[in-house]
Amino acid sequence: DCRTTKLRATRAGRVAALQSVAAPTYGDVMVETGVSGADPRQLVQMLLDGLVDSLNAAEGHMKRSAISEKSTQITRAMRIVLGLHSALDYARGGEIARNLDELYRYVNRRLLQANARNDLDALQEVRSLMSEIREAWSMLPAGTTLAAVN
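The model shown is predicted, which means the values in this text are computed figures rather than measured ones.

This brings us to the pattern of salt bridges. Within the structure shown, the criterion is met by 5 salt bridges. For glutamate 59, the salt bridge identified is with lysine 63, shortest N-O distance 2.8 Å. A residue pair is termed a helical-turn pair when its members lie 3 or 4 positions apart in one helix, as glutamate 59 and lysine 63 do in helix H3 (residues 40-63) at 4 residues. Using a relative accessible area of 8% as the deciding quantity, one classes glutamate 59 as buried. One salt bridge in this structure joins arginine 110 and glutamate 125, with 2.6 Å as the shortest N-O distance. Residue arginine 110 is located in helix H5 (residues 90-117), and its partner glutamate 125 is located in helix H6 (residues 120-138); the two are separated by 15 residues in the primary sequence. A relative accessible area of 16% means that arginine 110 is categorised as buried. Classification of glutamate 125 as partly exposed rests on a relative accessible area of 27%. It is possible to trace a salt-bridge network through shared partners that takes in Glu59, Lys63 and Arg127.

Next up, the structure:
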């Protein structure tokens, strides 16, 4: 039926959006290979892992006053958040998707502040928030259907 076809196309578009963000974000060939066969849950986990890695790297660069490298890592983190944000399915994800929308908007504002002002507290706050999300996400069993990102 037409509605089923449309839903499949929408889901495929969201998966493609996650993959398009994940592939450039993870430059390593092995990770790119993993992206092509990953389900949405795995893609989100990979993005969250990459996000926390970037935040950790940005903190190190900020502490060493390596401004260019710090900016590169924060920009990478912001791209990952944008990818996560763009994959939300508000119709199926309901309140969870709306809460994640608010969180991702807040996180991007704090990352902008961290980058512009070398605000270590803002960077650490974002890392703490996203580490909690990453930890919760990692506890989802394989094969879990994710209404918020499908």
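On to the nonpolar core. Within the largest apolar cluster, 25 residues are counted, with the highest numbers of intra-cluster contacts made by Leu51, Ile74, Leu84, Leu111, Leu123 and Met130. Contributions of two or more residues to this core are made by H3, helix H4 (67-86), H5 and H6. Ranked by the residues each element gives to this core, the list is headed by H3, at 7 residues.

Further remarks concern unusual backbone geometry. You will see that serine 65, though not glycine, has its phi angle at about 60°, which is positive. You can see serine 65 is positioned in the loop between H3 and H4.

One way to put it is that H3 packs onto H4 with a least axis distance of 8 Å and a crossing angle of 160°. If you check the angle between H3 and H4, you find them roughly antiparallel. Classified by chirality, the crossing of H4 by H3 is left-handed. Listed contacts from H4 to Val44, Leu47, Leu48, Gly50, Leu51, Ser54, Leu55, Ala57, Ala58, His61 and Met62 of H3 are Glu69, Lys70, Gln73, Ile74, Arg76, Ala77, Ile80, Val81 and Leu84. The residue makeup of the contact of H3 with H4, split by class, is 13 nonpolar, 4 polar and 3 charged.

Take H3 next. Along its 24 residues, H3 runs 35 Å from first to last C-alpha, staying within 8% of the 34 Å computed at 1.5 Å per residue. In terms of burial, H3 is a largely internal element, 18 of the 24 residues being buried.

This next bit is on the side chain of aspartate 101. Relative to the helices and strands, aspartate 101 resides in helix H5. Aspartate 101 sits in the buried class, given a relative accessible area of 11%. Engagement of the side chain of aspartate 101 in a polar contact is seen with the side chain of histidine 85, the distance being 2.5 Å. A distance of 2.7 Å separates a polar atom in the side chain of aspartate 101 from a polar atom in the side chain of tyrosine 90.

Here we take up the side chain of arginine 110. Engagement of the side chain of arginine 110 in a polar contact is seen with the side chain of glutamine 113, the distance being 2.8 Å. A distance of 2.6 Å separates a polar atom in the side chain of arginine 110 from a polar atom in the side chain of glutamate 125. If near-sequence neighbours (up to four positions away) are discounted, arginine 110 is found in contact with Asp121, Ala122, Glu125 and Val126.

Rules used throughout
Residues numbered from 1 in each chain as written. Predicted model: local features only at pLDDT ≥ 70, side-chain atom pairs only at ≥ 80, totals over all residues. Heavy atoms only, no water. Salt bridge = Lys/Arg side-chain N within 4 Å of Asp/Glu carboxyl O. Helix = DSSP H or I, 4+ residues; strand = E, 2+ residues; numbered from the N terminus. Buried < 20%, exposed > 50% of the residue type's maximum accessible area, 1.4 Å probe, protein only. Core = buried A, V, L, I, M, F, W, Y, C linked by side-chain atoms within 4.5 Å. Axes fitted to C-alpha atoms, helices over the stretch in contact; angles between N-to-C directions. Parallel < 35°, antiparallel > 145°, perpendicular 65-115°, else oblique. Left-handed = near helix turned anticlockwise from the far one by under 90°. Contact = heavy atoms within 4.5 Å. Nonpolar A, V, L, I, M, F, W, Y, C, P; charged D, E, K, R; others polar. Expected span 1.5 Å × (residues − 1). Polar contact = N/O pair within 3.5 Å; in protein donor to acceptor, adjacent residues only side chain to side chain.

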